[in-house]
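# Coordinate analysis (summary)
These are the residues of each chain, in order.
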Amino acid sequence: MRRAEIITAGLMALLSIYLMYKSTELDIGYVRGEGPGGGFWPFWLAAGMLISCVWIAINWVLRKSPPSQSDEEYLDSYGLRMLLLVGGGVTGFIALCHILGFYGAILVFLIYYIRFLGRHTWPATLAIAIGTPIVTFLFFDIAMRIVLPKGYLEPLFLPLYDFFF
Amino acid sequence: MEVLGLLMDGVFIALDPLNILLMLVGVALGLFIGAMPGLGSVNGVAILLPATFLVPPASAMIFLAAIYYGAMYGGAISSITLGIPGASTAVATTFDGRPLALKGRADLALVTAAIASFVGGSVANILFTLFAPPLASVALDFGDPEIFALMLLAFATFVGLGGDDIPKTLFSIFFGLVMAAVGLDIMTGEPRLIFGDITGFMHGINFLVLAIGIYGIGEMLWTIDTTRGNLTMTEAVLSIDRILQSCKESMRSWKGTAIGSFLGFFVGILPAAGATPGSLMAYGVTKMVSKNPKEFGKGHVGGVAAPEAANNSASTGAMLPMLTLGIPGSPTTAILLGGMVIWGLQPGPLLFQTQTEFVWGLIGSFYISNLFALLVNLAFIPLFIWMLKMPFTILAPMIFVLSVVGGYAATQDMHDVWLMLIFGVGAYLLRKLDYPVAPAVLAIVLGPIAEPKLRQSLLFSNGDPMIFLTRPIAGPITVIAIILILLPLLKLIRDKFKASKAESQA
């Protein structure tokens, strides 16, 4: 934890500096007759982020915050495995949305999670993995008319559109 | 008595068949969301907000408020039967609810929780109805400096009363505000903070992208990491007879219910406090004034009633500043406020004049939802307990799916879905290091409102920041905000002073 605390503070400080730099693309001072410029607000807020990071670093040196005193691992083997399998799974899911569209990606993601991470039976897995995209389709595409991307599976949906619209 | 007439009109609007249906569904969903460990009202409201674009704004708001209420009831179910709080707002309910369940009196605990929640909600509704119209009419005179000062006060409460690490709280607030500034500058229309010239940033970062990222994806990762899949359940024996008998027994806890109802409301109004500290405080006070405080923690009904009354009361309390001033009193109401902006409603005191039907319909729905929540809760307790057996490995992927689809539906741009994932994983990693996430959500909602107020005020005063101190209403508010920000510093100095005094005496 102790090392993670200072590394995070450092990374966040870099982010703050980048945000400050990015804000200077617009006027950060007072423009006569127009009030504060467009960069004024984000610049000083990013400066506030930077000051907070310095403060966190000072607390780290003084060993004041709980994470800066802790010898525990920031991500133990369980946490790391979980992040890779679950976080990685969700990342793959979103990437698949570009290719298979939302409904195909939901099917694949639910099979991956429920069958391979959750170790549930195939019938339960398939019931949920097939039922969820159908309900989602009826709710979003049909009822709310929010058309979710279909990727390369678009042709499969054409008869459905004909049926509903 | 004008208020009574308006309230009757509101109840009438809330009794529209569509609204009744939405309240019933909302309350039931809320109970489920509240009962599920890892999901609370804020998660439910954030993830389901995109689903409400189907119905008119007033009905959408009534639906989301019903979820909010239901979740406050639902949290108790898992606190009592699983021994782990279903939502952070029900932490204090585990202290006495779990021992009661282990003694075989889960039914008494569940019924007491339901009744106390109902009383807490009802008291808060009455207080709300009395306070809201006068507060809104006072706030009508507020200009830009006053509203900015109020926002400053809202953030100051996180620093002074939030109880989290101060620089980390400040970081969270500033981060949310900067994210809100991405997109086109509201006043000049110039593009601002367009990272890597990616066009997706041109339309700004919708608050839902951050809220669903944090409360959908981040929360699931956090729950999987912290619970590691170990849950044990106590069965509750329920029958009509036992429920009636429990009703009688739970009347003995009236003192806890009363304390929770009033304390919860006023704690709920403060943006940084809300239902969780409100219920903990109510538990503490009830224990303090009790004749036999030693029974607390071993299964005292008062220890269940006080926090449950308080968390329901606080959720209504949080609505008060949200509707009258446009300042949310909790993360959940922050998301509701963001929703109102999406629906084209201008939050703030003017709502009471321009959108009377919306406001009073919503207030009317508070009363009815509260009653529905009690009935649905008592009728379906066994069903909710059965649903709690749903393995987390099925619930979690469904939440991920809902988050991704909801994140897309909000803006219909894949760019925002990726951004949501980054925020979700980032929130999980930062939360492990004690960074509070709620202030960032409040900040991204308030940011687009706060910035023009600040710039208008400074333009008005020719760049003199003293405008926030010299105006008659803005002045005192700013002073209180500054005191709150300095509060932790003053405490530190006092402790140092005491320590040195103790040393010199020794």
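Being a predicted model, the structure only gives us computed values, none of them experimental. Residue positions are given per chain, counting from 1 as you read along its sequence in written order. Both sets of labels track the order of writing: A upward for chains, 1 upward for ligands. In keeping with the model being predicted, local features are shown solely for residues with a pLDDT of at least 70 and side-chain atom pairs are shown and tallied solely at 80 or more, while totals for entire chains, interfaces and linings include all residues. For side-chain calculations, the full set of non-hydrogen atoms in the structure is used, while hydrogens and water are omitted.

### Focus: a nonpolar patch on the surface
Residues and elements named next belong to chain A. For patch detection, residues must exceed 30% relative accessible area and be free of salt bridges, and they are connected within 9 Å for like charges or within 5 Å for nonpolar side chains (Val, Leu, Ile, Met, Phe, Trp, Tyr). Method for areas: the Shrake-Rupley scheme with a 1.4 Å probe, in which residue coverage is limited to the protein chains shown. Definition used for salt bridges: Asp or Glu carboxyl oxygen within 4 Å of a side-chain nitrogen of Lys or Arg. Residues Leu 107, Val 108, Phe 116, Trp 122, Leu 126, Ile 130, Ile 134, Leu 138, Leu 160, Phe 163, Phe 164 and Phe 165 make up a contiguous nonpolar surface patch of roughly 1100 Å² in combined accessible area. Secondary structure elements are taken from DSSP: a helix is a run of H or I of four residues or more, a strand is a run of E of two residues or more, and numbering for both begins at the N terminus. Among the elements of the structure, α4 (77-117), α5 (122-143) and α6 (154-164) are those that each provide at least two residues to the nonpolar patch. With five residues, α5 is the single largest residue contributor to the nonpolar patch. Its location among the elements puts Phe 164 in helix α6. Any residue under 20% of the maximum accessible area for its type is buried, any over 50% is exposed, and the rest in between are partly exposed; the area is computed with a 1.4 Å probe on protein chains only. A relative accessible area of 33% places Phe 164 in the partly exposed class.

### Re the domain arrangement of chain A
Segmentation of the chain into domains, including their bounds, is taken from an automatic or database domain assignment. Entries for chain A in the domain assignment read domain 1 (2-69) and domain 2 (77-164). Computed from C-alpha atoms alone, the centre-to-centre distance between domain 1 of chain A and domain 2 of chain A is 39 Å.

### Remarks on the interface of chain A and chain B
Note on definitions: a residue-residue contact is assigned when non-hydrogen atoms from the two residues lie within 4.5 Å. Residue-level contacts link 70 residues of chain A with 63 residues of chain B. Once two parts are joined, some of their accessible surface, as seen by a 1.4 Å probe, is lost; buried area is that loss totalled over both. Buried area between chain A and chain B, summed over both chains or domains, comes out near 5900 Å², and the portion from carbon and sulfur atoms is 79%. Three residues stand out in chain A for area buried against chain B, namely Trp 41, Tyr 74 and Ile 94 of chain A, and they jointly supply 12% of the buried area on that side. For the pair chain A and chain B, the number of links is one salt bridge. Listing elements by their share of the side of chain A that touches chain B, those giving two or more residues are α1 (2-23), β2 (35-36), α2 (40-61), α3 (66-69), α4 and α5 of chain A. Looking at the side of chain A that touches chain B element by element, the count peaks at 19 residues for α4 of chain A. For this scheme, ten residues count as nonpolar: Ala, Val, Leu, Ile, Met, Phe, Trp, Tyr, Cys and Pro. Four count as charged, namely Asp, Glu, Lys and Arg, and the remainder, Gly too, count as polar. The class makeup of the residues in the side of chain A that touches chain B is 47 nonpolar, 19 polar and four charged.

### Considering the pattern of salt bridges
Residue and element names in this part refer to chain B. Counted under the stated rule, the structure contains 13 salt bridges over all chains. Across the salt bridge formed by Glu 219 and Arg 431, the nearest N and O atoms sit 3.5 Å from each other. Highlighted residues: Glu 219 in helix α9 (residues 207-227) and Arg 431 in helix α18 (residues 414-431), separated in sequence by 212 residues. Judged by relative accessible area, which is 24%, Arg 431 ranks as partly exposed. A cluster of three or more residues bridged by salt bridges with shared partners is formed by Asp 185, Arg 192, Glu 451 and Arg 455.

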